[in-house]
Amino acid sequence: MEFGNRFREARKQNGYTQKQIADMLGIEQSNISDWENNITRPEYENLIALAKIYGETLETLLGIEL
């Protein structure tokens, strides 16, 4: 599964809209859409914030198996 799909699934499983996540991160909704559609990737700080919001580790959010 691509990163964008993981981001989208985590967001939906937690019951958030793209707008809600964007507001929490202080960014535009289009950024969230771009991440979920694999157009761009979140910066490191936003990636950490997403993991915290979704209650997941970075490894899980990124699909990294240790």
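Since the model is a prediction, treat every value here as computed from it, not as a measurement. (Residues numbered from 1 in each chain as written. Predicted model: local features only at pLDDT ≥ 70, side-chain atom pairs only at ≥ 80, totals over all residues. Heavy atoms only, no water.)

### What about the pattern of salt bridges?
Quick reminder of the rule: Only one rule defines a salt bridge in this text: a Lys or Arg side-chain nitrogen within 4 Å of an Asp or Glu carboxyl oxygen. We count a stretch as a helix when DSSP gives it H or I for four or more residues in a row; a strand needs E for two or more, and each element gets its number in order from the N terminus. Accessibility here uses a 1.4 Å probe with only protein chains present; expressed as a share of the type maximum, an area under 20% marks a residue as buried, one over 50% as exposed, and anything in between as partly exposed.
For the structure shown, the criterion picks out 3 salt bridges. With a shortest N-O distance of 2.6 Å, E36 and R11 are connected by a salt bridge. With E36 in helix 3 (residues 29-36) and R11 in helix 1 (residues 3-13), this pair connects stretches of sequence that are 25 residues apart. Each member of the pair E36 and R11 is classed as buried. The shortest N-O distance in the salt bridge between D23 and K19 comes to 2.9 Å. Of this pair, D23 and K19 both sit in helix 2 (residues 18-25), 4 residues apart, which is roughly one turn of that helix.

### Topic: helix 3
Convention followed: Here the arc refers to the directions that run from the helix axis out to each C-beta atom. Throughout, a contact is declared for two residues whenever any of their heavy atoms are within 4.5 Å.
For helix 3, the full list of buried residues reads I32, W35 and E36. Seen from one end, helix 3 has its buried residues packed into an arc of 95°, which puts them on one side. The inward-facing, buried residues of helix 3 abut helix 1, helix 2 and helix 4 (44-54). N38, located one to two residues past helix 3, shows a positive phi value of around 60°.

Note that every value here comes from positions in space, so none of it alone points to a role or purpose.
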